[in-house]
Amino acid sequence: MFEFDSEQMSQMMDTYVIPWGINIVMAILIYIVGKIVVGIIINVFGKIMQRSKYDDMLVDFIKAILNAILMLFVIIASLNELGVDTTSLVAILGAAGLAIGLSLQGSLQNFAAGVMLLVFRPFKAGDFVEAGGAAGVVKSISIFTTIMTSGDNKEIIVPNGQIYSGTITNYSAKETRRVDMVVGIGYDADLKRAKEVLKELAAADSRILQDPAPTIAVAELADSSVNFVVRPWVKSADFWAVKFDFTEAVKLRFDQEGISIPFPQMDVHLHKDAE
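Attention in this report is confined to the structure presented alongside it. (Residues numbered from 1 in each chain as written. Predicted model: local features only at pLDDT ≥ 70, side-chain atom pairs only at ≥ 80, totals over all residues. Heavy atoms only, no water.)

Quick look at helix α6 (residues 191-204)
Next, step 1: Taking 1.5 Å per residue as the helical rise, α6 with its 14 residues ought to reach 20 Å, and the 20 Å between its terminal C-alpha atoms agrees with that figure.
Next, step 2: Among all positions in α6, only A194, V197, L198, L201 and A202 are buried. Taken around the axis of α6, the buried residues stretch over an arc of 135 degrees, which confines them to a single face. Set apart from the buried face of α6 by more than 90 degrees, the exposed residues are K192, A203 and A204.
Next, step 3: Looking at the buried positions of α6, the neighbouring elements they touch are β7 (181-185), β8 (208-209), β9 (215-221), β10 (226-231) and α7 (239-257).
Next, step 4: For α6, the capping residue at the N-terminal end is D190, with a side-chain oxygen 3.2 Å from the backbone nitrogen of K192. (Helix = DSSP H or I, 4+ residues; strand = E, 2+ residues; numbered from the N terminus. Expected span 1.5 Å × (residues − 1). Buried < 20%, exposed > 50% of the residue type's maximum accessible area, 1.4 Å probe, protein only. Arc of directions from axis to C-beta. Contact = heavy atoms within 4.5 Å. Polar contact = N/O pair within 3.5 Å; in protein donor to acceptor, adjacent residues only side chain to side chain.)

If you want it as structure tokens, here you go:
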């Protein structure tokens, strides 16, 4: 058994126990105080982000990332107080982060694109968009993917990187849209009467806005028809209903008025050689 006299014990206390005890207490204090300060910073940051009306998912995610980074600094400061060589630790963490980043390059691209989508908000949940090679109503936007619902109720999951790197068409961004239609009549039909009928149909539909006024004009003398362009403005929610109903109304009214709607035809002439 080891035996220590009072002088050795005093020397050991002065050399090891007291300094190490002070370092441990200081490290614990640094950790506790640092954790409290980090919590205050995160709460203040979260309130600022929420007042700026950022998406809740983005706010929670950034708060989690910021908390992890700040707590890492607190832990490094605590370890440094204990005499741990934090330089090598930081180098190891940096190398590990680089390796993870390279292995998750595609996921990080989707993550970065998701953050950009949540920050700049080119569309929101409920909008009908065409993006990333898909079209549908946006159901939700997460950090890595965007979920859409197609017109026939299929769920489409699109990586955010694919969306942000391409063209985004948001059909719900504006309150009004223009319906572009082409109506053809035969060359023997009454041109002026056909134009009057189209104007009457546009005026009779309450969903069609009168300001700006609908555009109804002869656009083309085609091979087998005289083509009108009919371009009324409607509320975005009424776009398809107006397009379908107006097309049906034109056919029924033209039939009543005796205005012909031509269709492609081919005349075949047979020549019989004389014997």
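We are not done yet, so read on.
With respect to the pattern of salt bridges
Note on pairing: side chains with opposite charge can pair once their charged atoms come close.
Next, step 1: Across all of its chains, the model carries twelve salt bridges by this definition.
Next, step 2: We note a salt bridge from K124 to D127, for which the minimum N-O separation is 3.4 Å.
Next, step 3: For K124, a relative accessible area of 42% corresponds to the partly exposed category.
Next, step 4: One salt bridge connects E257 with R253, and the closest N-O pair in it is separated by 3.3 Å. Here E257 and its partner R253 are both found in helix α7, four residues apart, which amounts to about one turn of the helix. (Salt bridge = Lys/Arg side-chain N within 4 Å of Asp/Glu carboxyl O.)

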